[in-house]
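Working through the structure, step by step
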Amino acid sequence: MKGFTHFISGIAVASFFPQAVHMASQEQSFILCLGGIFGILPDTLDFKFAKYFHKSDFEIRPDPDDLDANVIANDVVKAINKAKETGRGTVQLHTMQLASNRWRSYTLGFDSKSSEVCVEIGPIVDTGQIPFEGTELKDPKRSVARVKVDDCEFYQQFDKKSQIAIMTGPCFEFVKRENGKIEIVFLPWHRTWSHSFTLGLLISFIVGIISFLTVGDGPNPELYTIPRWMLYPLIILFGSMVHIIEDSTGFMGNNLFYPFTKDRTNGLGLMSAAEAIPNFLFVWTSIICILFNLDRFRWAPDEVAAGISSQLAFWGWFYLLPLAVMAYYFFKGKREKAIKAVKTVDFDSQSGAEQETDVSVI
Amino acid sequence: MSELLNYLLNPGHLDLIYFSVIGVLFSCFISFLPALHIYNVIGIFLLVVLKFEAAMAPMQLISLCIGMIVGYSILNTVPATYFGPGDESLSYYILPGADWLAKGRGFESVILTGVGALGGIILLAILAPAFVWFLPGLKSITAPHMFWIIGAVIAYCLLSEWPKGLSQSENCWTNFFEGWKYLGVGLITFLLSGILGFIVMAKTMVPIEFAFQSITPVFVGLFAIPWLITNIINIGSIPPQHEPESMELDWDLVRRGTFGGFLGGFFAAFIPIVTAGVGGLMAGHATAQRDGRLFVMSYGTCKTVYYVGSFLLFFIPGLSLTRGGLAWIVTPVVTSLTVKEYFLFVAIMIISAGFSFLLLIPFTRACIKLVKRVPYHWISVLALIIVVPAVYTFTGWGGMAIMTVATGLGLFPVLFQARRMNLMGVLLLPVCLNMAGYGNDILRFLGLL
């Protein structure tokens, strides 16, 4: 899901606490923002920290002056062979920057049927990934390579080519499974410890101790069932949980109980993380929930008139109607794609990853 | 209903159309002035230079303003595309706009934003009756929460900037610092802009008679001069521009672009201090926009809905919401707001939008001709020669000092390729903290109180 989706969902979750809404309106507290910040935190941890400290067994730095797809493919095969021998092997593929706005592109794919690693050197592209005509390699022997991996069967969730062109290239992990198959894991450092219930619980526990020691009762404690100090850890916990739950609806799952579980689970595959309508569905639901909660938890409801005069009209006009419109366009889009027999672009997977400006969508 | 129609179709109101057309034509000229925030420019011209407030009937002045703001919101894309951005709301558009221009597709980009803008006006007009119904409720729900909503906007803008760089070193820390260099510059830019905002708001150095212009030197320094300097230094020329015979457009693109842009523009119009750039960024992420054409069109809708919508809010009966400098300018001449005046506003808005859209193609062609004849960097030099004395005239040496500091800050993201949006910290941070009641503490900490 988009970073914004996680962010606003976190705020929506925080708004379900009446005391937090009262703190915001009466004490000028930024506590509701805490849900948003921790809603986006798992991706922040991955893309601003974890990414840099992940060490790969093999790094592929293609030489733009001496391009050969066979060299790249053979290096990838080395990582697969390492996985066959030791259980795991990782490879980092780097991009080739030729000038400030010029990149040499190449693609990497894994053919499960023939157990081949397929590499193809592509044209020169600009940072917007627009190719320059006539810049493809002329020698077919060096521009395309298919290297067979002996005694190996691939297992991958997505059988799409990965385009390596601009900025940072992707990383793959090859894991030997119990059935002897080699699983291809895209971005092995992503959605692991940062996207686990355990980390959410740990942070909440630490914040809980601090808030227990430092946060007082606040005004009118008799109005609330949850003590004020407990609000902070709960908002943090639910904020980060909603991120994990939303991500689980896509194709790439999370490592829910790190370090007790070693690998990422598969997602539910209900929707693709970069699809516009599912993202907007979560965003709109969050906005509606926030407005509804801010109104029903307004301070002194007997003295201040409600902003929502009719709940039926509110939910009908502002939620059910947009929901019906979204459903119409979502299923219409699905039908059209099915008719055209065009594969949906799935940004959970390798194909769209390098093209995405908001990395949290991956 | 018939009474309303009679009112709208009254020939006596033709003068309002005349003034709105004058406003649109005037906006062509205004849109050339780099980085002078439109509301301030209109303020200078209407109140100081022309003294229109005294010379015109209230509704005529309002029609002139509608024409100007609608025209500006649609036409300013043209100079922004060919000569650089006009203000902070346009800075969001620079990179895609420059990209299209570099590919010779500047004309296409302008027309797409124009279609988006027209879509935004149509949506505003369609939703105008509904605004009367639901906006008072929305206002009463959100009013006590504005400070944290702005706080959330700040948090998202800072958190949603992702590291750049190639990360190809074998040393993790080198890669880490390379990626964080951009993020660090963004954070520092935001913080320093925020401090500048506190200083300007607490101890303005602008003469008291031009106090309403106190933010102008800040915007000129943050957004205009760095861009002009970059244009002057850059050795390069605009490639030949292609004027297509037809545009590749479909309803799906129009629907998605207009919808996403409308959300961003409406959010920016409704929430104080948030501009079209910030609103557009958030709406773009909320609706998962990726297509380049979609972005450009959505941007056109967003800025139009932001500029025009914030003015429209002022006229919604029973809402009493004053957003943007233009609404403040007309406040003294508006005694009462009725449904009739509101719908008259909507009618003039549609007429102005239609006229502006008709002007868009000839205006773009004129700009292309200008760019062909006059070297690009000379236009920037000329703009610099106009802007700096203008700031001195209206804000004195104090304003020049503020502008100089702001220019230094404005160069930060340009030099380090960070988000220029971080410069909006100049308004977002002080306003957010002031609304939350922490403003005086910060001022005391900075030694300003």
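Residues numbered from 1 in each chain as written. Chains lettered and ligands numbered in written order. Predicted model: local features only at pLDDT ≥ 70, side-chain atom pairs only at ≥ 80, totals over all residues.

Considerations on the overall build of chain B
Operational definition: Segments assigned H or I by DSSP are reported as helices when at least four residues long, segments assigned E as strands when at least two residues long, and all are numbered from the N terminus. Working definition of burial: number of other C-beta atoms within 10 Å of the residue's own, with buried at 20 or more, exposed at 12 or fewer, and partly exposed in between, all C-beta atoms being placed from the backbone.
When its secondary structure is counted, chain B shows 20 helices and 0 strands. Going through the 449 residues of chain B one by one, you find that 52% of them count as buried.

Section: the overall build of chain A
Cut-off, in case you're wondering: Distance between backbone-placed C-beta atoms decides contact: two residues are in contact if it is within 7 Å.
In terms of helices and strands, chain A carries 10 helices and 10 strands. Expressed as a percentage of its 362 residues, the buried residues of chain A come to 43%. Nonlocal contacts in chain A, meaning residues at least 24 apart in sequence, comprise 70% of its contacts between residues at least 6 apart.

Side note on the sheet that holds strand β9 (residues 171–176) of chain A
Residue and element names in this part refer to chain A. The condition that has to hold: DSSP-based pairing: two strands are paired if at least 2 bridges between them are found. With axes taken as lines fitted to C-alpha atoms, and helix axes fitted only over the stretch in contact, angles between N-to-C directions fall between 0 and 180 degrees.
Within the open sheet, the 5 strands sit side by side as β1-β2-β9-β10-β7. Their pairing is mixed. Edge positions in the sheet fall to β1 (58–60) and β7 (154–155), since each has one partner strand and no second. Across 5 bridges, the pairing between strand β2 (residues 88–93) and β9 is antiparallel. Bridge pairing links Gly-89 to Phe-174 in β9. With respect to the sheet, helix α4 (residues 69–86) is in contact with β1, β2, β9 and β10 (182–186), its orientation differing from that of β2 by roughly 160 degrees.

Re the environment of A:Ser286
All names here are of chain A. Residue placement: Ser-286 occurs in helix α8 (residues 276–296). The sequence separation of Ser-286 and Ser-9 amounts to 277 residues, and the corresponding C-alpha distance is 5.4 Å. The contact partners of Ser-286, leaving out residues within four places of it in the chain, are Ile-8, Ser-9, Ile-11 and Ala-12.

What about unusual backbone geometry?
Residue and element names in this part refer to chain A. Backbone torsion omega between Tyr-258 and Pro-259 reads 0 degrees, so that peptide bond is classified as cis. Looking at the secondary structure, you find Pro-259 in the loop between α7 (228–248) and α8. In this structure, Gln-28 is a non-glycine residue whose phi angle is positive, near 55 degrees. Overall, the presence of 17 C-beta atoms within 10 Å leaves Gln-28 in the partly exposed class. Backbone geometry at Arg-191 places phi at a positive 55 degrees, although glycine is not the residue there. One can find Arg-191 in the loop between β10 and α6 (197–214). Taking the C-beta count within 10 Å as the criterion, Arg-191 has 28 such neighbours and is therefore assigned buried.

Some points on the packing of helix α9 (residues 106–142) of chain B against helix α17 (residues 339–373) of chain B
Residue and element names in this part refer to chain B. Let me state the cut-off plainly: By the definition adopted for this analysis, an angle is roughly parallel if under 35 degrees, roughly antiparallel if over 145, roughly perpendicular if from 65 to 115, and oblique otherwise. Note on residue categories: nonpolar means Ala, Val, Leu, Ile, Met, Phe, Trp, Tyr, Cys or Pro, charged means Asp, Glu, Lys or Arg, and polar means any other residue, Gly included.
Where α9 contacts α17, the axes come no closer than 10 Å and their chain directions differ by 180 degrees. Between α9 and α17, the angle is such that the two are roughly antiparallel. For the pair α9 and α17, contact is made by Phe-107, Val-110, Gly-114, Leu-118, Ile-121, Leu-124, Ala-125 and Ala-128 and by Val-346, Met-349, Ile-350, Ala-353, Phe-357, Leu-360, Thr-364 and Ile-368, respectively. The residue inventory of the contact of α9 with α17, partitioned by class, reads 14 nonpolar, 2 polar and no charged.

Focus: the pairing of strand β3 (residues 96–99) of chain A
All names here are of chain A. Here β3 runs beside strand β4 (residues 102–111); their pairing, made up of 3 bridges, is antiparallel. Bridged to Met-96 within β4 is Arg-104. Where β3 folds back on β4, the antiparallel hairpin that results is connected by 2 residues.

Some details on the interface of chain B and chain A
With 33 residues of chain B at the contact, the number on the chain A side is 41 residues. Sorting the residues of the side of chain B that touches chain A by element identifies α9, α10 (146–159), α11 (172–202) and α14 (276–286) of chain B as the ones contributing at least two each. It is α10(B) that contributes the most residues to the side of chain B that touches chain A, 7 residues altogether. Looking at the side of chain B that touches chain A residue by residue, the class counts come to 19 nonpolar, 12 polar and 2 charged.

Section: the domain arrangement of chain A
Under the convention used in this document: Just so you know, the domain bounds were taken from an automatic or database domain assignment.
Entries for chain A in the domain assignment read domain 1 (3–50 + 193–361) and domain 2 (55–186). Look at where the C-alpha atoms of domain 1 of chain A and domain 2 of chain A centre, and you get two points 35 Å apart.

Notes on helix α18 (residues 376–416) of chain B
The periodicity of an α-helix, 3.6 residues per turn, causes residues three or four positions apart to be oriented the same way. Here is the rule: Here the expected length of a helix is defined as 1.5 Å per residue gap, with one fewer gap than residues. For a residue, the bend is simply the angle between two axes, fitted respectively to the seven-residue segment ending there and the seven-residue segment starting there.
Compared with an ideal rise of 1.5 Å per residue, which puts 41 residues at 60 Å, α18(B) spans 23 Å between its outermost C-alpha atoms and falls more than 12% short. At B:Thr395, α18(B) shows its strongest bend, of approximately 125 degrees.

Looking at the environment of B:Leu191
Looking at the secondary structure, you find B:Leu191 in helix α11. For the pair formed by B:Leu191 and B:Ala366, sequence separation is 175 residues and the distance between their alpha carbons is 41 Å.

Considering the confidence of the model for chain A
How we decide: A score between 0 and 100, pLDDT records how confident the predictor is in each residue.
This prediction gives chain A a mean pLDDT of 89; 93% of its residues lie at or above 70. Taken as a whole, residues 342–358 of chain A scores under 50 in pLDDT and shows 54 contacts with residues more than four places along the chain or in a different chain.

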